[in-house]
Amino acid sequence: MEQNPLEERVFKLKNPRMEFFCPLCRSQRGFLYSPKLSKKNYMQIVAISLMLAMSLYPFMGFRSGVVLFMVWGIMEFSIRVLFKKEVPCPHCGFDATWYKKDIKVARQKVKEFWEQKKHISDTEKFAESI
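Let me sum up the structure you'll find in this document. (Residues numbered from 1 in each chain as written. Predicted model: local features only at pLDDT ≥ 70, side-chain atom pairs only at ≥ 80, totals over all residues. Heavy atoms only, no water.)

### Description of the side chain of N41
- Along the polypeptide, N41 turns up in helix α1 (residues 39-60).
- You can call N41 buried: its relative accessible area is 12%.
- Here the side chain of N41 touches S38 through a polar contact of 3.0 Å, side chain to side chain.
- If we ignore the near neighbours within four places in the chain, the residues touching N41 are M75 and I79. (Helix = DSSP H or I, 4+ residues; strand = E, 2+ residues; numbered from the N terminus. Buried < 20%, exposed > 50% of the residue type's maximum accessible area, 1.4 Å probe, protein only. Polar contact = N/O pair within 3.5 Å; in protein donor to acceptor, adjacent residues only side chain to side chain. Contact = heavy atoms within 4.5 Å.)

### Quick look at the pairing of strand β1 (residues 18-21)
- Here four bridges tie β1 to strand β2 (residues 28-31), and the two strands are oriented antiparallel to one another. By the bridge assignment, F20 is partnered in β2 with R29.
- The hairpin formed by β1 and β2 contains six residues between the paired strands, and R26 there has a positive phi angle of roughly 65°. (Pairing = 2+ DSSP bridges.)

### Quick word on the environment of M18
- Along the chain, M18 turns up in strand β1.
- According to the relative accessible area criterion, M18 is partly exposed, its value standing at 42%.
- Not counting residues up to four positions away in its chain, the partners in contact with M18 are R29, G30 and F31.

### Digging into α1
- Most pronounced at M54, the bend in α1 amounts to some 35°, and the proline P58 follows within four residues.
- Among the residues making up α1, those that are buried are N41, I45, S49 and A53.
- In this fold, the buried residues of α1 make contact with α2 (67-86).
- G61, located one to two residues past α1, shows a positive phi value of around 75°. (Bend = angle between axes of the 7 residues up to and from the residue.)

Functional significance is not addressed by these values, which are geometric in nature.
Right under this line is the structure:
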């Protein structure tokens, strides 16, 4: 299957979690983050929670075990935010999450992306002419 990407020079990611082609511009893309926590993330949560619980134990006693759930929630939130930040295509502005929710909003987002990109290129041309 021949792919004709819109952008010829695309950056490659080291060890992506998932690789795919953008459905709009056909550029090869990849995700660094997964929306779910991995075993490594759970080990990090346990290690951070133990360190915080040991440092808070003199003040809180056994209630410092609640720190585990707070760290877990913060980690879950941060990984999902990082994943959602990666979803829009950096080459064409296509966002699959918006396309799933509302096609009209997804089209508007792509249109705004191209208008902003055109505005930036016009500004660069003006700066070069000075």
